[in-house]
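Structural overview for review
For reference, the chains in residue letters:
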Amino acid sequence: MTFRNGLASLLRPEDSVVVLIDHQPYQLANLNSHDPHAVVNNSTALAKAAKAFGVPTILTSVVADRGGLIFPQITDVFPGREVIDRTFINTWEDRKVVDAVKATGRKQLIIAGLWTEVCVAMPVIQALGEGWDVTVIADASGGTSVEAHEVAIQRMTAAGANMMTWLALASEWQRDWARTEHAAELTEVLKAGSGIAYLWEQQLLNTLVPGNAG
């Protein structure tokens, strides 16, 4: 197994491409590894972070006329963006998706989807075998059971995949708060995705201390 370590192993927005797979109602209805609302929120936050950093993002569904359309929370982030609808269960066997990824020229492939044990594991394992640097966003994915999700994570890790959460990914893309180009957009994503503590902190910082305090 190749260990990921050193500065060069960290993810960079200019080298990243995101593929969001099958965030559809049918898959969500059979999701039992996570709170479904959390998966919707996390996958949406991932999409918003990718947009904030200008990371190319491919949206794909499987047999949408039966499984339903991609969550509007995600498609609303990318108005007018084509959703590639597949018949292949394994996304990486669909030439249109693979060609769209290759056209970006990026090699850090970031994947999230439903279900982890099927629609995430298969393309991840195939892409790893083809030499891609693959990261799975575990909290924007989910399986039909806790066991199914966890076993899939173990299987992909053993194959060489990198595991992260959406907030860890966004932080790695930002890397340094002195980089102000995307800081404002990221702050908005953080406020929507996990920012209650941040908003409270801002409230406290902007609240005058009573004269009799202390």
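Residues numbered from 1 in each chain as written. Predicted model: local features only at pLDDT ≥ 70, side-chain atom pairs only at ≥ 80, totals over all residues. Heavy atoms only, no water.

Let's talk about the overall build of the protein
For the protein, the count of helices and strands is 10 helices and 6 strands. In terms of C-alpha radius of gyration, the protein reaches 18 Å, essentially the compact-globule figure of 17 Å for 214 residues. By principal-axis analysis of the C-alpha atoms, the protein measures approximately 65 × 40 × 35 Å. Taking all 214 residues of the protein together, 47% fall into the buried category. (Helix = DSSP H or I, 4+ residues; strand = E, 2+ residues; numbered from the N terminus. Rg over C-alpha atoms; globule rule 2.2 N^0.38 Å. Buried < 20%, exposed > 50% of the residue type's maximum accessible area, 1.4 Å probe, protein only.)

Thoughts on the environment of Ala168
Here Ala168 lies in helix α8 (residues 166–174). Residue Ala168 is classed as partly exposed on the basis of its relative accessible area, which comes to 32%. Between the alpha carbons of Ala168 and Ile137 there is a distance of 9.2 Å; along the sequence they are 31 residues apart.

Remarks on the packing of aromatic side chains
By the definition in use, this model includes 3 aromatic pairs. Relative to Trp115, the ring of Tyr26 lies with its centre 6.0 Å away and its plane at 50 degrees, an arrangement referred to as tilted. Of the two residues, Tyr26 sits in helix α1 (residues 25–29) while Trp115 sits in the loop between β4 (108–113) and α6 (116–129), which places them 89 residues apart along the sequence. We classify Tyr26 as partly exposed; its relative accessible area is 47%. Taking the relative accessible area as the measure of exposure, Trp115 reaches 15% and is therefore buried. (Phe/Tyr/Trp six-rings, centres within 6.5 Å; stacked < 30°, edge-to-face > 60°.)

Regarding the packing of α6 against helix α7 (residues 146–158)
Contact pair α6 / α7: the axes reach a minimum separation of 10 Å and the direction vectors enclose 5 degrees. With respect to α7, the element α6 is oriented roughly parallel. For the pair formed by α6 and α7, the contact residues are Thr116, Glu117, Val120, Ala121, Val124, Ile125 and Leu128 on the first element and Ala148, His149, Ala152, Ile153, Arg155 and Met156 on the second. Looking at the contact of α6 with α7 residue by residue, the class counts come to 9 nonpolar, 2 polar and 2 charged. (Axes fitted to C-alpha atoms, helices over the stretch in contact; angles between N-to-C directions. Parallel < 35°, antiparallel > 145°, perpendicular 65-115°, else oblique. Contact = heavy atoms within 4.5 Å. Nonpolar A, V, L, I, M, F, W, Y, C, P; charged D, E, K, R; others polar.)

Comments concerning the pattern of salt bridges
By the definition in use, this model includes 5 salt bridges. For Arg12, the salt bridge goes to Asp15, with nearest N and O atoms at 2.5 Å. Classification of Asp15 as partly exposed rests on a relative accessible area of 26%. The salt bridge involving Lys96 is made with Glu82; its shortest N-O contact spans 2.7 Å. Placement of the pair is Lys96 in helix α5 (residues 95–103) and Glu82 in the loop between α4 (72–75) and β3 (83–86), with a sequence separation of 14 residues. For Lys96, a relative accessible area of 47% puts it in the partly exposed group. Since its relative accessible area comes to 47%, Glu82 is described here as partly exposed. (Salt bridge = Lys/Arg side-chain N within 4 Å of Asp/Glu carboxyl O.)

Focus: the packing of helix α2 (residues 36–52) against α8
Relative to each other, α2 and α8 sit at 10 degrees, their axes nearing to 9 Å. Of the possible angle classes, the one that applies to α2 and α8 is roughly parallel. Crossing angle aside, the handedness with which α2 passes α8 is left-handed. Seen from α2, the contacting residues are Asn42, Ala45, Leu46, Ala49 and Ala50; seen from α8, they are Trp166, Leu169, Ala170 and Trp173. (Left-handed = near helix turned anticlockwise from the far one by under 90°.)

Some details on the sheet that holds strand β1 (residues 16–21)
Read from one edge to the other, the open sheet built from 6 strands follows the order β3-β2-β1-β4-β5-β6, with strand pairing classed as parallel. If you trace the sheet from one side to the other, it starts and ends with β3 and β6 (162–164), each paired once. Recorded for the sheet is a direction-independent mean angle of 25 degrees between the axes of neighbouring strands. Taken together, the 4 bridges between β4 and strand β5 (residues 133–137) define a ladder with parallel strand orientation. Pairing of Ile110 across the sheet is with Thr135, part of β5. Strand contacts of α2: β1, β2 (57–62), β4 and β5, with the helix running at about 150 degrees to β1, the strand carrying the most contacts. (Pairing = 2+ DSSP bridges.)

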